[in-house]
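Listed below are the residues making up each chain.
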Amino acid sequence: MRNTLLATAAALTISAPAFAGPTFILNDVGGVGVGTQARAGFTAAAALWSSVFSNKVTIDLNVGFQALGKGVLGQTGSTSNDVSYTNVRSALTRDATSVDDRSAVASLAPTLSFMSNTLSGGVTNATTHILENNQANRDTQYLSANTADQKALGLISAQSATVDASITFSSALKWTFDASQGVAKGTYDFVGIAAHEIGHALGFVSGSILPTPTPMPARPASIRPRGAPRSICSATTPRAHATGL
Ligand SMILES: [Zn+2]
């Protein structure tokens, strides 16, 4: 997943249209103060996302460095809360502006029903799949939605001061903050990883980062079943960040 997103970020650098959409507020919680290379890196990564979305929302991020688990480059904890499926569906319908949007929302069932492998209490069972219905279980009436997406959909104020995510980089690793001349050996591409992590804050997740085996059902990118894991990015394929990529 990291490879794909980094490639996307590179493509955005070349062809980004000037939407000037979301405004990002960066709250330094350690090592990302004004004038630092890290802050410049986060600002560049945020600009990539602003250039590809038109939503006039303010995204509030806590950003900093601290010791992380072995092999973890960075991690993101997104702020989310439960929103009823009915409200999400209505908001998506109101927000539909294109033929594709309208086609997508037209396919949304009036009520929610899905296969779940998450048992009560958030315990994930990889082998037992339960066909839920929305008559008896709150889990099939509410979705966990990132506040960043709630801002974009008008479910909360677009300018809400809510901190939408906390992004933490490993303080134990070395970083290349300007990869325009390549990524130095033994270091990692800061802007590329920051763009990836901001993507999580905006609600992009992937089953590829879930514990295995986890045959999870297909689901929207950001609005996920309650109790679904949040994202931690590891350095299991460090070659993706070799010099010149
Ligand atoms: Zn990730």
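Fair warning: this is a prediction, and the values are worked out from it, not measured in the lab. (Residues numbered from 1 in each chain as written. Predicted model: local features only at pLDDT ≥ 70, side-chain atom pairs only at ≥ 80, totals over all residues.)

Examining the overall build of the chain
Our working definition: Secondary structure elements follow DSSP: runs of H or I of four or more residues count as helices, runs of E of two or more count as strands, with numbering from the N terminus. In this scheme the burial state of a residue depends on its C-beta neighbours within 10 Å: 20 or more other such atoms mean buried, 12 or fewer mean exposed, and anything in between means partly exposed; the C-beta positions come from the backbone. Here, residue contact means that the backbone-derived C-beta atoms of the two residues sit within 7 Å.
Broken down by element type, the chain carries six helices and twelve strands. Considering the chain as a whole, with its 245 residues, one finds that 33% of them fall into the buried category. Contacts in the chain between residues far apart in sequence, at least 24 positions, make up 75% of those at least 6 positions apart.

Re the confidence of the model for the chain
Rules: Per residue, pLDDT measures the predictor's confidence, with a range of 0 to 100.
Overall, the predicted model of the chain reaches an average pLDDT of 76, with 64% of residues at or above 70. Scored below 50 in pLDDT, residues 1-16 shows 23 contacts in the model against residues more than four places distant or in partner chains. Within the model, pLDDT remains below 50 along residues 131-135, and this stretch shows 14 contacts once partners closer than five positions in the same chain are excluded.

As for the nonpolar core
Where we set the bar: For this entry, the nonpolar core is defined as buried Ala, Val, Leu, Ile, Met, Phe, Trp, Tyr and Cys residues connected by C-beta atoms within 7 Å.
Phe42, Ala45, Leu61, Phe190, Ala194, Ile198 and Ala201 are the most contacted members of the largest nonpolar core, which totals 31 residues. Ranked by the residues each element gives to this core, the list is headed by helix H6 (residues 190-201), at seven residues. Setting aside its immediate chain neighbours within four residues, Phe42 contacts Leu26, Val32, Val63 and Ala194.

Side note on the pairing of strand S2 (residues 58-66)
The test is simple: One bridge is not enough; two strands pair if DSSP finds at least two bridges between them. When the strands point away from the viewer and the connection leading from the first strand across the helix to the second strand turns clockwise, the crossover is called right-handed.
In this structure, strand S1 (residues 23-28) lies alongside S2, joined through six bridges in parallel fashion. Across the sheet, Thr23 pairs through a bridge with Thr58, a residue of S2. Handedness of the crossover joining S1 and S2 through helix H2 (residues 37-50) is recorded here as left-handed. Of the pairings in the sheet, the one linking S2 to strand S8 (residues 163-170) comprises seven bridges and is parallel in character. Directly across from Asn62, in S8, lies its bridge partner Ser166.

Focus: the environment of Gln141
By secondary structure assignment, the location of Gln141 is in the loop between strand S6 (130-131) and strand S7 (142-146). C-alpha of Gln141 to C-alpha of Thr111: the two residues are 30 residues apart in sequence and 7.9 Å apart in space.

So, the packing of H2 against H6
Counted only if it meets this: Interaxial angles span 0 to 180 degrees and are taken between N-to-C directions of axes, which are lines fitted to C-alpha atoms, for helices over the stretch in contact. Roughly parallel means an angle under 35 degrees; roughly antiparallel, over 145; roughly perpendicular, 65 to 115; everything else is oblique. Left-handed describes a crossing in which the near helix is turned anticlockwise from the far one by less than a right angle; the clockwise case is right-handed.
Relative to each other, H2 and H6 sit at 55°, their axes nearing to 8 Å. With respect to their mutual orientation, H2 and H6 come out oblique. When the axes of H2 and H6 are compared, the crossing they make is right-handed. Here H2 contributes Ala38, Gly41, Phe42, Ala44, Ala45, Ala46, Leu48 and Trp49 to the contact with H6, which in turn contributes Phe190, Val191, Ala194, Ala195 and Ile198.

Looking at H6
Put simply, the rule reads: The length a helix should cover is 1.5 Å for every residue beyond the first.
With twelve residues, H6 ought to run about 16 Å at 1.5 Å a step, and its terminal C-alpha atoms sit 16 Å apart, in line with that. Of all the twelve residues making up H6, twelve are buried; the element is thus mostly covered by neighbouring parts of the structure. Taken as a whole, H6 has its buried residues at Phe190, Val191, Gly192, Ile193, Ala194, Ala195, His196, Glu197, Ile198, Gly199, His200 and Ala201. Downstream of H6 by one or two residues, Gly203 has phi in the positive range, about 110°.

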